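Okay, here's what each chain looks like letter by letter:
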Amino acid sequence: MKTAAMEPSIKTVNEALRHITASLYRKDVLLTWERTEAELETVMTVAAALKVLFENNVRTRPFSSGLAVSQFRDNSTRTRFSFASAANLLGLTVQDLDETKSQIAHGETVRETSNMVSFLSEAIGIRDDMFLGAGHTYMQEVSRSLDQGFADGVLHQRPTVVNLQCDLDHPTQSLSDLMHLRNTFGSLENLHGKKMVMSWAYSPSYGKPLSVPQGIIGLMSRFGMDMVLAYPEGYSLVDEVVEVARRNSATSGGSFTVTQSMDEAFRDADIVYPKSWAPFAVMQKRTELLKKDQTEALKDLEKECLAKNAHHKDWECTEAKMKLTNGSKALYMHCLPADISGVSCKEGEVSASVFERYRNDTYKEAGYKPFVIAAMILSGRFKDPAKVLQHLIEKNEPRIKGEA
Amino acid sequence: MKTAAMEPSIKTVNEALRHITASLYRKDVLLTWERTEAELETVMTVAAALKVLFENNVRTRPFSSGLAVSQFRDNSTRTRFSFASAANLLGLTVQDLDETKSQIAHGETVRETSNMVSFLSEAIGIRDDMFLGAGHTYMQEVSRSLDQGFADGVLHQRPTVVNLQCDLDHPTQSLSDLMHLRNTFGSLENLHGKKMVMSWAYSPSYGKPLSVPQGIIGLMSRFGMDMVLAYPEGYSLVDEVVEVARRNSATSGGSFTVTQSMDEAFRDADIVYPKSWAPFAVMQKRTELLKKDQTEALKDLEKECLAKNAHHKDWECTEAKMKLTNGSKALYMHCLPADISGVSCKEGEVSASVFERYRNDTYKEAGYKPFVIAAMILSGRFKDPAKVLQHLIEKNEPRIKGEA
Amino acid sequence: MKTAAMEPSIKTVNEALRHITASLYRKDVLLTWERTEAELETVMTVAAALKVLFENNVRTRPFSSGLAVSQFRDNSTRTRFSFASAANLLGLTVQDLDETKSQIAHGETVRETSNMVSFLSEAIGIRDDMFLGAGHTYMQEVSRSLDQGFADGVLHQRPTVVNLQCDLDHPTQSLSDLMHLRNTFGSLENLHGKKMVMSWAYSPSYGKPLSVPQGIIGLMSRFGMDMVLAYPEGYSLVDEVVEVARRNSATSGGSFTVTQSMDEAFRDADIVYPKSWAPFAVMQKRTELLKKDQTEALKDLEKECLAKNAHHKDWECTEAKMKLTNGSKALYMHCLPADISGVSCKEGEVSASVFERYRNDTYKEAGYKPFVIAAMILSGRFKDPAKVLQHLIEKNEPRIKGEA
């Protein structure tokens with residue numbers, strides 16, 4: 001595709017690579033707020049470079065062998081494909097760690113499993129967002145186990161852990177969203193002073209994780225925007241992440257507001273991200289019930305939660321609401337799949353006409369994710385990822401041979 | 001192995017590549033009867049070339065990265081392995097789109113899923129043969145979604161859709177069968193005037209799809225053969241495909257006959273393809289019941305259908321029936337697995353001695369499929385697949401290094 | 001990692017490769033006791049070479065395409081990852097033969113399936129340890145089918161069958177263990193006269209296969225050790241394998257003893273391998289019940305067996321037991337995952353402090369397996385694997401490009 005004017009060329013990519021200042025060598029991006037802006041820029045610069053090289057048919061495989069372990073504790077299509085695409089782009093092969101087909105249930109320690117799957121592995125991608133308080137903790141334990149296995153000489157290399165969604169954050173999503181914003185508004189600097197809304201929206205489905213809204217406010221608050229978090233009473237997020245966002249906003253010269261009115265939030269907004277999530281309290285209760293495997297109670301909780309949701313069907317991103325935004329044309333964002341009224345459900349997060357107008361935008365927004373994941377692996381595994389990429393640019397081997 | 005006299009050498013392959021006239025660039029072979037003979041010959045020429053290069057240890061990977069998405073809505077061994085082999089041969093990595101592990105159920109549109117799995121994908125292989133009226137329709141929608149995603153700049157490349165079996169056709173099977181016929185009889189021209197029988201046969205199992213017999217009559221009717229379709233009363237195929245075959249036969253200078261006698265069909269036949277399938281009417285009823293998830297009614301239907309089948313146990317390809325064929329030695333064909341009487345079931349499609357005599361033939365028949373699939377991908381993704389292959393022949397890099 | 005002093009360098013590896021005397025070309029290592037010591041040394045020499053090349057960042061992919069079929073008839077994590085790692089290291093792509101997603105149930109012959117999945121395959125790894133009397137028999141049939149398919153010209157190459165655990169043996173495990181022993185004690189010669197104990201140990205879980213203890217006594221008895229097999233009454237192994245071990249010990253100048261006292265076994269031992277397994281008689285009964293799908297009877301058998309196990313909780317590898325060993329510091333071995341008392345279960349095979357002291361050792365022990373599997377594939381598929389490796393050493397292409 002037709003590199004858009006906004007998209008950088010190989011020349012500008014090469015230039016950008018020269019300005020990388022921070023290294024993520026042997027580090028994992030488990031939560032964006034644990035990482036400096038320079039480190040996050042490293043990821044985005046490397047991701048942008050990989051995307052441009054891909055589009056210019058340049059081979060980008062520093063690895064000639066190696067596994068990329070995937071562990072999905074929740075269903076996934078796009079993240080699964082993004083991880084597979086990222087691994088493949090770099091020369092790695094995905095091997096799924098399917099706990100239902102393994103002996104892990106038999107009380108094996110995380111430390112042991114982490115090492116056992118890593119002898120020839122370069123990356124481990126984990127999705128674990130079902131249990132509040134569990135996902136991030138698990139990833140930390142995997143991360144520490146790999147550090148130790150590497151220090152002890154059990155592992156020859158230290159695989160990069162990629163957080164493909166946990167209970168607290170969804171860094172590959174939020175960084176893809178940020179790349180989309182940077183591309184749309186021209187630069188991160190241009191985001192300064194913009195009003196961005198992360199809003200709850202009605203959905204007929206239940207139990208959507210908190211990691212996307214948390215990831216968004218945790219990351220986007222770092223760029224001097226007027227960040228608004230909107231949700232109906234009772235749909236608050238995990239406190240510690242809201243605190244992170246509040247602090248980020250103060251530091252970055254932006255602001256952070258919470259409102260219980262979607263209209264108020266949308267007024268004069270430059271960017272809106274209307275998306276459903278389950279109330280924190282429900283997720284907590286659900287976590288407890290899931291742990292105890294209480295099927296009946298879980299069904300009751302679901303019923304109760306859906307009934308509660310149904311009081312807020314007016315939290316839909318309609319044309320009327322979009323009219324309230326800056327020039328009536330705020331950028332609509334979504335991590336997909338969206339619940340589109342009249343298309344994927346009767347009543348949902350967004351009206352069909354709004355979604356259709358921004359459909360290509362949201363598809364392109366999603367298109368950054370494979371490159372963000374690849375960038376995390378590359379940055380975690382190489383001392384100097386810029387040099388690796390510059391070398392690939394110089395060699396300029398075709399990714400596909402022949403006129404495709 | 002021992003390139004048989006009949007098999008072309010690299011030299012003849014190179015010669016054949018020079019005579020390719022039709023391009024399938026950015027096109028899908030969803031139904032063979034939608035494609036010109038020149039286009040189908042392109043597939044077979046490319047497939048034959050890939051097979052010869054494989055057997056001569058020539059590396060054939062124009063892709064150095066890229067995914068080949070597989071989506072199986074029905075169980076499969078040989079097609080799954082054929083697709084995986086094809087992808088691997090060209091340098092692509094299979095990523096399975098497993099709907100049970102994805103969020104697709106949540107009302108996500110086909111358009112969206114098709115794009116989401118395709119950012120770095122070069123091919124999508126789909127098997128969807130369970131529901132009459134559904135499989136082909138679904139593949140068309142995927143195909144259109146990819147066209148649009150590519151036109152909109154969401155996708156950088158347009159992945160090739162490979163029909164790995166739908167409700168109407170099974171093009172990778174029928175083209176493998178045709179390559180086997182071409183190899184056995186020396187040329188497509190030599191098929192002219194031959195009598196080929198696609199016959200129903202008894203099986204103790206139930207609900208076998210119609211796509212193989214339909215694929216066979218839809219394709220083989222194009223080469224001037226005397227095509228005979230034989231089945232007991234009530235086992236007719238989808239009308240529109242029978243019409244296609246009738247027209248093809250008229251156009252190609254052959255004939256097309258339907259008979260309800262297996263003996264009559266076999267008399268003087270040069271080629272016989274005895275295989276079970278479910279009656280069209282049963283498949284329709286089954287489709288309805290499957291959609292409504294009516295387990296009990298489905299069981300009843302199965303019982304009823306099996307009882308009906310049991311009236312036709314004489315529809316078995318026995319030695320006696322083979323004696324009726326031309327010189328008693330018609331070529332026996334099957335897409336495998338066959339229901340072999342006394343081997344894989346008590347009473348089935350073919351007697352053990354007939355099958356055993358042609359076992360190697362049927363195995364070799366199956367051996368074309370990986371190359372046919374690879375040829376479809378190559379032809380769909382490259383403007384000039386012949387040039388791509390000629391380049392690979394010139395480079396002559398070993399597929400396996402060292403004396404294997 | 002820090003090649004330890006004990007680990008060979010590329011130079012010594014090159015030297016070792018020059019001394020390979022036996023070929024496994026087109027042969028499978030289904031049972032170690034069917035193979036000569038020279039053949040097994042070939043596997044270990046090639047495995048050691050691959051490991052050193054891996055650690056020195058040398059690319060080891062003689063295959064530029066090709067599938068490695070995996071068939072797991074029992075759950076597995078480490079073996080699955082070991083097989084995937086091995087395939088990947090050599091340039092092969094794993095394709096799983098998942099019988100639940102295939103048509104194999106429909107009475108298809110092993111001969112047919114074996115051929116159908118092998119057109120472009122270079123290796124088939126099989127784990128089949130659930131049914132006594134079945135796994136090895138199945139692997140033999142696959143092996144013969146591939147021989148025939150290759151001889152008949154159906155297959156262009158003869159894929160190597162890798163036994164990833166059967167009812168009789170677990171050769172990739174026992175050879176990894178032997179490499180660990182060789183590395184720990186300096187040479188195979190140094191094992192002569194050592195006392196090695198394969199001991200049953202208590203576990204709260206049930207139905208652990210016999211293949212590990214059988215594999216250990218079947219292989220380790222070949223190196224002149226004083227082999228002791230220890231288990232409580234009623235926990236004997238398959239007779240034919242015990243006979244193999246007895247004969248091996250006699251031939252190799254060692255001894256073979258069976259005892260029903262763990263203490264006696266541990267006294268002055270140099271190496272201890274305490275591990276749970278199900279009694280042979282129970283496995284036989286279980287096999288019958290599994291075949292008949294008798295769920296209730298299986299549950300009863302499990303209960304009965306666990307109750308029986310519970311009488312032997314003193315069969316735990318404690319500090320007190322370790323004190324009995326030679327200098328109190330026998331090498332503790334385990335195939336993992338171990339049932340660690342107070343860690344992965346309340347009471348188990350080994351006390352936490354003993355396991356923790358040997359944890360890194362057991363992890364490293366496990367780390368040989370990917371290379372053993374790769375060595376089996378390489379040795380089975382190449383006339384002269386040493387030449388293949390020497391060529392790779394000469395070329396010295398980086399496995400990972402850039403400073404990782």
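Every value quoted in this text rests on a predicted model; they were computed, and no experiment measured them. (Residues numbered from 1 in each chain as written. Chains lettered and ligands numbered in written order. Predicted model: local features only at pLDDT ≥ 70, side-chain atom pairs only at ≥ 80, totals over all residues.)

A. Representation of the overall build of chain A in the model. Check the secondary structure of chain A and you find 15 helices and 11 strands. A compact globule built from 404 residues should have a C-alpha radius of gyration of about 22 Å, and chain A, at 21 Å, falls within 12% of that. Dimensions of chain A along its principal axes, counting C-alpha atoms only, are 55 × 55 × 45 Å. Per-residue burial over chain A gives 57% buried out of 404 residues. In chain A, once contacts between residues fewer than 6 apart in sequence are set aside, the share between residues at least 24 apart is 82%. (Helix = DSSP H or I, 4+ residues; strand = E, 2+ residues; numbered from the N terminus. Rg over C-alpha atoms; globule rule 2.2 N^0.38 Å. Buried ≥ 20, exposed ≤ 12 C-beta atoms within 10 Å, placed from the backbone. Contact = placed C-beta atoms within 7 Å.)

B. Expanded view of the interface of chain C and chain B. Each partner contributes to the interface: chain C provides 35 residues, whereas chain B provides 35 residues. The set of elements that each furnish at least two residues to the side of chain C that touches chain B consists of strand S2 (93-96), helix H4 (110-116) and helix H15 (385-395) of chain C. The element best represented in the side of chain C that touches chain B is H4(C), accounting for four residues. Classifying every residue of the side of chain C that touches chain B by side-chain character gives 11 nonpolar, 16 polar and eight charged. (Nonpolar A, V, L, I, M, F, W, Y, C, P; charged D, E, K, R; others polar.)

C. Just the relation of the copies chain C and chain B, in detail. Of the transformation superimposing chain C on chain B, the axial component is 0.0 Å and the angular component is 120°, with the fit at an RMSD of 0.0 Å. Taken together, these values place the two copies in the relation of a three-fold axis. Residues of chain C ranked by C-alpha distance from the rotation axis are headed by Thr93(C), positioned 4.7 Å from it. A low fraction, 3%, of the interface residues of chain C reappear at the interface in chain B, so the copies pair through non-equivalent surfaces. (Least-squares fit on C-alpha atoms with pLDDT ≥ 70 in both.)

D. Spatial organisation of the pairing of strand S4 (residues 160-163) of chain A. Residue and element names in this part refer to chain A. Covered by surrounding structure in S4 are Thr-160 and Val-162 together with Val-161 and Asn-163, the residues of both alternating faces. Taken together, the four bridges between strand S3 (residues 121-127) and S4 define a ladder with parallel strand orientation. Bridging from a neighbouring strand, Ala-123 pairs with Thr-160 of S4. Read from S3 through helix H5 (residues 135-151) to S4, the crossover connection turns out right-handed. (Pairing = 2+ DSSP bridges. Right-handed = clockwise from strand over helix to strand, strands pointing away.)

E. Layout of the sheet that holds strand S8 (residues 271-275) of chain A. All names here are of chain A. Spatially, five strands are ordered S7-S6-S5-S8-S9 in an open sheet, and the strand pairing comes out parallel. Edge strands, defined here as strands with exactly one partner in the open sheet, are strand S7 (255-259) and strand S9 (331-332). The sheet contact formed by S8 and S9 spans two bridges and is parallel. Following the sheet pairing, Ile-271 is matched in S9 by Leu-331.

F. Broad picture of the interface of chain B and chain A. In this complex, chain B contributes 36 residues to the contact, which on the side of chain A involves 34 residues. Secondary structure elements with two or more residues in the side of chain B that touches chain A: strand S2 (93-96), helix H4 (110-116) and helix H15 (385-395) of chain B. The greatest single-element share of the side of chain B that touches chain A, amounting to four residues, is contributed by H4(B). The class makeup of the residues in the side of chain B that touches chain A is 12 nonpolar, 16 polar and eight charged.

G. Structural context of helix H2 (residues 37-55) of chain B. Its 19 residues place the ends of H2(B) 27 Å apart at the C-alpha level, agreeing with the 27 Å of an ideal helix rising 1.5 Å per residue. At the C-terminal side of H2(B), Asn57(B) shows a positive phi close to 60°. (Expected span 1.5 Å × (residues − 1).)

H. Structural view of the packing of helix H6 (residues 171-185) of chain A against helix H14 (residues 369-381) of chain A. All names here are of chain A. At a minimum axis distance of 9 Å, the contact between H6 and H14 shows a crossing angle of 115°. Crossing of H6 against H14: the hand is right-handed. On the side of H6, the interface is formed by Thr-172, Gln-173, Leu-175, Ser-176 and Met-179, while H14 contributes Lys-369, Val-372 and Ile-373. (Axes fitted to C-alpha atoms, helices over the stretch in contact; angles between N-to-C directions. Left-handed = near helix turned anticlockwise from the far one by under 90°.)

I. Quick peek at the sheet that holds strand S6 (residues 226-230) of chain B. All names here are of chain B. With respect to topology, five strands assemble into an open sheet ordered S7-S6-S5-S8-S9, the strand pairing being parallel. Two strands bound the open sheet, and with one partner strand each, they are strand S7 (255-259) and strand S9 (331-332). On the sheet, helix H7 (residues 211-220) packs against strand S5 (195-200), S6 and strand S8 (271-275) and is oriented at approximately 160° with respect to S5. Where helix H8 (residues 239-252) meets the sheet, it contacts S6 and S7, and its direction lies at approximately 140° from that of S7.

J. Focus on the environment of Phe256(C). Residue and element names in this part refer to chain C. Of note, Phe-256 is situated in strand S7 (residues 255-259). Its 20 C-beta neighbours within 10 Å are what place Phe-256 among the buried residues. If near-sequence neighbours (up to four positions away) are discounted, Phe-256 is found in contact with Ser-221, Met-227, Ala-245, Arg-246 and Ser-249.

K. Inspection of the pairing of strand S5 (residues 195-200) of chain A at higher detail. Residues and elements named next belong to chain A. Buried residues dominate S5, accounting for six of its six residues. With burial as the criterion, each face of S5 is covered, one bearing Lys-195, Val-197 and Ser-199 and the other bearing Met-196, Met-198 and Trp-200. Relative to strand S6 (residues 226-230), S5 runs parallel, the two sharing five bridges. By the bridge assignment for S6, Met-198 is matched with Leu-229. In this fold, the crossover linking S5 to S6 by way of helix H7 (residues 211-220) has right-handed handedness.

L. Representation of the domain arrangement of chain A in the model. Residue and element names in this part refer to chain A. By domain assignment, chain A separates into domain 1 (10-168 + 369-395) and domain 2 (174-366). Domain 1 and domain 2 are separated by 26 Å when their C-alpha centres are compared. At the interface, 20 residues of domain 1 touch 20 residues of domain 2. Of all the secondary structure elements, the ones that give two or more residues to the side of domain 1 that touches domain 2 are helix H2 (37-55) and H14. By residue number, the principal contributor to the side of domain 1 that touches domain 2 is H2, which donates six residues. Taken together, the residues of the side of domain 1 that touches domain 2 sort by class into 12 nonpolar, three polar and five charged. (Domains from an automatic or database assignment.)

M. Representation of the packing of helix H7 (residues 211-220) of chain C against helix H8 (residues 239-252) of chain C in the model. Residue and element names in this part refer to chain C. Put simply, H7 and H8 touch, their axes get as near as 7 Å, and they point 25° apart. Of the possible angle classes, the one that applies to H7 and H8 is roughly parallel. You can see that H7 and H8 cross each other, and the crossing is left-handed. Where H7 approaches H8, its residues Gln-214, Ile-217 and Gly-218 are matched on the opposing element by Val-241, Val-244 and Ala-245. Of the residues that constitute the contact of H7 with H8, the class distribution is four nonpolar, two polar and no charged. (Parallel < 35°, antiparallel > 145°, perpendicular 65-115°, else oblique.)

N. Representation of unusual backbone geometry within the structure. A cis amide bond, omega -5°, links Leu336(B) with the succeeding residue Pro337(B). Tracing the backbone shows Pro337(B) in the loop between S9 and strand S10 (340-341). Its identity is not glycine, yet Asn396(A) carries a phi of approximately 50°, on the positive side. Leu336(B) sits in the buried class, given 20 other C-beta atoms within 10 Å.

O. Highlighting the nonpolar core. Judged by nonpolar contacts, the single largest core of 381 residues is most densely connected at Ala47(A), Ala47(B) and Ala47(C). Among residues more than four places away in sequence, those in contact with Ala47(A) are Met179(A), Tyr368(A), Phe371(A), Val372(A), Ala374(A) and Ala375(A). (Core = buried A, V, L, I, M, F, W, Y, C linked by C-beta atoms within 7 Å.)

P. Structural context of H14(A). In a regular helix each residue adds 1.5 Å, so 13 residues correspond to 18 Å; H14(A) covers 18 Å between its end C-alpha atoms and thus fits that length. Among the 13 residues of H14(A), 13 are classified as buried, and the element is accordingly described as predominantly covered.

Q. Seen up close, the environment of Cys335(B). Residues and elements named next belong to chain B. Among the structural elements, Cys-335 can be located in the loop between S9 and S10. Separated by 27 residues in sequence, Cys-335 and Thr-362 place their C-alpha atoms 7.4 Å apart. Setting aside anything within four residues of it in sequence, one finds Cys-335 in contact with Gln-173, Val-212 and Lys-275.

R. How the structure looks around the environment of Leu120(C). As for its position among the elements, Leu120(C) is in the loop between H4 and strand S3 (121-128). Residues Leu120(C) and Pro159(C), spaced 39 residues apart in sequence, show a C-alpha to C-alpha distance of 8.9 Å. For Leu120(C), the residues in contact, after removing those within four places along its chain, are Ser85(B), Asn88(B), Leu89(B), Pro370(B), Gly66(C) and Leu67(C).

S. Structural view of the confidence of the model for chain A. Residues and elements named next belong to chain A. On average, chain A scores 94 in pLDDT, and the residues at 70 or more come to 96%. Under a pLDDT of 50 for its full length, residues 1-6 has, in the predicted model, eight contacts with residues more than four places off or in other chains. The complex prediction reports pTM at 0.96, with the ipTM value standing at 0.95. (pLDDT = per-residue confidence, 0-100.)

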